Amino acid sequence: MRQAWCVGLLLTIGMPIDAHANCRQALALGLDVSGSVDLREYRLQLDGLVTALNDPEVVRILLAVPTAPISLMVFEWSGPADHTVLVPWTAMANRETLATISTTLAETERRDTTPGTALGVAMDTGAAYLDQKKGCWKRTLDISGDGQSNLGPRPRDVKNAIGARGITINALVIGADAPATGDLRQSEIGELSSYFRAEVITGPDAFVQTALGFEDYAAAMTAKLKRELDDLTISALQ
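Bear in mind that the values here come from a model prediction, so they are computed numbers and not experimental data.

Asker: I'm lost on the nonpolar core in this one. Help?
Answerer: Side chains of a nonpolar character, in soluble globular proteins, are inclined to be buried together. Core analysis: the largest hydrophobic core is formed by 34 residues, its most contacted members being Leu53, Leu62, Leu105 and Leu225. Here this core gets six residues from one element, more than from any other, and that element is helix H2 (residues 39-53). Not counting residues within four places of it along the chain, the set of residues in contact with Leu53 comprises Val58, Val59, Leu62, Leu72, Leu98, Ile101, Leu105 and Leu225. Counting 29 residues, the second largest nonpolar core, distinct from the first, contains Trp77, Ala122, Tyr129 and Ala171.

Asker: How should I be thinking about H2 in this particular structure?
Answerer: Structural remark: α-helix, 3.6 residues per turn; residues separated by three or four positions point the same way. Taking 1.5 Å per residue as the helical rise, H2 with its 15 residues ought to reach 21 Å, and the 21 Å between its terminal C-alpha atoms agrees with that figure. Considered for burial, the residues of H2 that qualify are Glu41, Tyr42, Gln45, Leu46, Gly48, Leu49, Val50, Ala52 and Leu53. Sitting at the head of H2, Asp38 places a side-chain oxygen 3.2 Å from the backbone nitrogen of Arg40.

Asker: Could you clarify how one ought to interpret the pattern of salt bridges in this entry?
Answerer: Under the defined criterion, the tally for this structure stands at 12 salt bridges. Arg165 is paired through a salt bridge with Asp131; the nearest N and O atoms lie 2.5 Å apart. Here the residue Arg165 occupies a position in the loop between helix H6 (159-164) and strand E5 (167-174), and Asp131 occupies one in the loop between helix H5 (119-130) and strand E4 (139-145), the gap between them amounting to 34 residues. For Arg165, a relative accessible area of 35% gives the class partly exposed. You can call Asp131 partly exposed: its relative accessible area is 25%. Its salt-bridge partner being Lys224, residue Asp142 comes within 2.7 Å of it at the nearest N-O pair. Taken as a pair, Asp142 in strand E4 and Lys224 in helix H8 (residues 217-228) lie far apart in primary sequence, 82 residues in all. Residue classification places Lys224 among the buried residues on the basis of a relative accessible area of 0%.

Scoring rules and cut-offs
- Residues numbered from 1 in each chain as written.
- Predicted model: local features only at pLDDT ≥ 70, side-chain atom pairs only at ≥ 80, totals over all residues.
- Heavy atoms only, no water.
- Core = buried A, V, L, I, M, F, W, Y, C linked by side-chain atoms within 4.5 Å.
- Buried < 20%, exposed > 50% of the residue type's maximum accessible area, 1.4 Å probe, protein only.
- Helix = DSSP H or I, 4+ residues; strand = E, 2+ residues; numbered from the N terminus.
- Contact = heavy atoms within 4.5 Å.
- Expected span 1.5 Å × (residues − 1).
- Polar contact = N/O pair within 3.5 Å; in protein donor to acceptor, adjacent residues only side chain to side chain.
- Salt bridge = Lys/Arg side-chain N within 4 Å of Asp/Glu carboxyl O.

Below, the structure is given as structure tokens:
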């Protein structure tokens, strides 16, 4: 009876059932390292991700079901032909795995990148990585960015095809750091959030999270992971 109820719940929430799959969610994290991101902001972004991944509630969700783990990967993006994988697909089965990922991110150094912002290419790149995990019950692309696309295909021209493949795209929009005088950050991040909402995100329950400057990145990423990591199937599988 309990097994039948679990399957029924998964069908109800719209997750495909694969008897051979042992992955409840694949999450690809795409980090913006384009020319608008300086070395200080780059470090805040990576360290902020480490902080978010080690938040107690995030850890609970990541490690809740070792027999059906969440699979995580991290890549950087900027220009059309400029992306690199920092963390390959890794099943989040235990704290040792999380510690290894945290160390890798903490020790990563800034590489030379092209200055452009090829957001549409980054979306296609992340979707291609997620196509490697078609057996997972849920596939999510998490794109961080601090500006609009200015190279390559427009995000609006690629997002529908990605969504049709069963991939959800969420966004973390990063606003400007605190200015020396005045503060127009709220209006600026509102405009950028509207752009990402209209042009980038796709899929059921897709959303935009905002960070008011890179100093706020850790808190924003923590809130975003708590919202987008799959916690629905945990109660059914326990």
